[in-house]
Amino acid sequence: MDTIASLFSFITTPVSWIIVQFHKLYGALFGPDTGWAWGLSIVSLVVVIRICLIPLFVKQIKSMRNMQALQPKMKAIQERYKNDRQRQSEEMMKLYKDTGTNPLSSCLPILAQSPFFFALYHVLSKIASGDTIGVLNQQLVDSAREARIFGAPIAATFMDADKAAALGASVTDVRVVTAVMIILMSASQFFTQRQLMQKNVDLTVKTPYMQQQKMLMYIFPLIFAVTGIHFPVGVLVYWLTTNVWTMGQQMYVINQNPTPGSKAQDSYLQRLLKSVTAHSEVRGRRRRMVVQAIVAKGTDRNENERRFVAGLAKAGFAAQADGSVIKSDTVAVDADGGSAGRRQQPKRQSKAQRQSGGAHQTGAVKPSLEKEAAPKDSVPKPAGSTSPASPRQAKSGQRKGSQRPKHPSSKK
């Protein structure tokens, strides 16, 4: 670890300078030799570094959004080459190259912090040995050696009992403090990744990006737990602080700018729907931009966005292209602006109903076996006589219609 830290010795001077400046401030409040003064100086170092990394974090968010936008194309590639893993990977890499997307962008903040992390480790190692480094003179080094965080020196480690004894601290105190900080550090890292996987990822499409995030969820806490026993207490303070910062930063992004198609987006749009219903308007510029983007998508909206538009319609509102809403008396059946409903098909009639000319209808059913009454002005005719204008009545067993006259020689 010392060899790796020495590679980043070029950055130890700015790191030590930042710590010294904050130590002057906190030393005036808590005392120059206290653990509060040196511990809060390390925490402030983390805050300064993370503020400087905000542009990189924004780039990371944009890259993650690009990954989400590419998921339909990724799914198409998976379906097309589901039996050819090598061709599938080649097409995925080509898609990343054509769109300028880096699937490893989520590691950028961690990689950017690595030089500061190892530089701080190098500074604390020099403090433990009593050597000056950067802008830390001998007086500041001696003051840092006396600093205790819950009884553990900031330069002591879990495994090095001799160093703890040389710093005048109890080995038990050092190991208890470092063990608690390692557990908190690993738990915060795991919770951060788990929150990302469960709330801010579209789980409808399985992509290598999701597999990468799932892998990081288990690997990073394990790495911190294994290597943390070799870190000085001051480095553990640094890494715990940056994990808490990352967790809070991610919670803000999930609540205010969730990934399309994720559970976080559904929760955000439901909150937005309640706000619009309560105030009859879209409050806030960022919220209007969200509504504007949903309207612009048209039929390409995901399930969460369609549910939001349908909820607006049921509440009597219609979203506009500028991100505002207006009162609407017409409630659309299709939230995406489809047709107002299908025409109801007529009820299919039975064979008997079709033969009787539609006599059997609901509400006016006429018995089919009932004979119609004869007209009042009709006069009964003698049996056997037939009218030349009408066909003779057919007897039972005879064919209906006019009958051919029998031959004179036939029997009657």
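Residues numbered from 1 in each chain as written. Predicted model: local features only at pLDDT ≥ 70, side-chain atom pairs only at ≥ 80, totals over all residues. Heavy atoms only, no water.

Engineer: Can you explain the overall build of the protein chain? Please cite residues and give values.
Structural biologist: Tallying secondary structure elements over the protein chain gives 16 helices and 6 strands in all. Classification of the 412 residues of the protein chain by burial places 39% in the buried group. Sequence-distant contacts, at least 24 apart, represent 64% of the contacts inside the protein chain between residues at least 6 apart. By element, 57% of the accessible surface of the protein chain is carried by carbon and sulfur atoms, the whole surface being about 25,500 Å². (Helix = DSSP H or I, 4+ residues; strand = E, 2+ residues; numbered from the N terminus. Buried < 20%, exposed > 50% of the residue type's maximum accessible area, 1.4 Å probe, protein only. Contact = heavy atoms within 4.5 Å. Areas by Shrake-Rupley, 256 points an atom, 1.4 Å probe, with all protein chains shown as cover.)

Engineer: I'd like to hear about the packing of helix α2 (residues 12-30) against helix α3 (residues 35-52), residue by residue, with values.
Structural biologist: Where α2 meets α3, the axes come as close as 8 Å, and the angle between the chain directions of the two elements is 135°. For the element pair α2 / α3, the angle class is oblique. Considering how the two elements wind past one another, α2 and α3 form a crossing that is right-handed. Residues V15, I18, I19, F22, H23, Y26, G27 and F30 of α2 touch α3, and the partners they reach there are W36, A37, W38, L40, S41, S44, L45 and V48. Taken together, the residues that form the contact of α2 with α3 break down as 12 nonpolar, 4 polar and no charged. (Axes fitted to C-alpha atoms, helices over the stretch in contact; angles between N-to-C directions. Parallel < 35°, antiparallel > 145°, perpendicular 65-115°, else oblique. Left-handed = near helix turned anticlockwise from the far one by under 90°. Nonpolar A, V, L, I, M, F, W, Y, C, P; charged D, E, K, R; others polar.)

Engineer: Break down helix α14 (residues 285-297) for me, citing the residues and quoting the values.
Structural biologist: An α-helical turn contains 3.6 residues, so any two residues separated by three or four positions project in the same direction. Look at α14: 19 Å from first C-alpha to last across 13 residues, which is about the 18 Å you get at 1.5 Å a residue. Positive backbone phi, approximately 65°, marks G298, located one or two places after α14. (Expected span 1.5 Å × (residues − 1).)

Engineer: Could you give an account of the confidence of the model for the protein chain, naming the residues involved and the relevant values?
Structural biologist: Averaged over the protein chain, the pLDDT score is 77; the fraction of residues at 70 or greater is 72%. Within the model, pLDDT remains below 50 along residues 331-344, and this stretch shows 13 contacts once partners closer than five positions in the same chain are excluded. Note on residues 358-396: pLDDT is under 50 here. Beyond four places in sequence and across chains, it has 20 contacts. (pLDDT = per-residue confidence, 0-100.)

Engineer: So what's going on with a nonpolar patch on the surface? Which residues, and what values?
Structural biologist: On the surface, L25, L29, F30 and W36 cluster together to form a nonpolar patch covering roughly 470 Å² of accessible area. Here W36 lies in helix α3. The exposure class of W36 is exposed, given its relative accessible area of 56%. (Patch = residues over 30% accessible without salt bridge, like charges linked within 9 Å, V, L, I, M, F, W, Y side chains within 5 Å. Salt bridge = Lys/Arg side-chain N within 4 Å of Asp/Glu carboxyl O.)

Engineer: Describe the nonpolar core, listing the residues and the values that go with them.
Structural biologist: W38, L45, L120, L136 and Y238 are the most contacted members of the largest nonpolar core, which totals 50 residues. Secondary structure elements with two or more residues in this core: α2, α3, α7 (108-129), α8 (138-146), α10 (171-199), α11 (208-227) and α12 (233-256). Ranked by residue count, the leading element in this core is α7, at 9 residues. If we ignore the near neighbours within four places in the chain, the residues touching L136 are S16, V20, W38, V123, I127 and V141. Counting residues in hydrophobic clusters, the runner-up holds 13 residues, among them I294, F308, V309 and F317. (Core = buried A, V, L, I, M, F, W, Y, C linked by side-chain atoms within 4.5 Å.)

Engineer: Report on empty space enclosed by the protein, specifying residues and quantitative values.
Structural biologist: If you walk through the whole model with that rule in mind, you get 2 cavities of 30 Å³ or more. Lining of the second largest cavity is provided by I19, W38, I42, L120, V123, L124, I127, L136 and I154. The set of elements that each furnish at least two residues to the lining of the second largest cavity consists of α3 and α7. The greatest single-element share of the lining of the second largest cavity, amounting to 4 residues, is contributed by α7. (1 Å grid on protein atoms, 1.4 Å probe; cavity = no way out; pocket = protein on both sides within 12 Å on 5 of 7 lines; lining within 4 Å. Points joined across faces, edges and corners; volume = space filled by probe spheres on them.)

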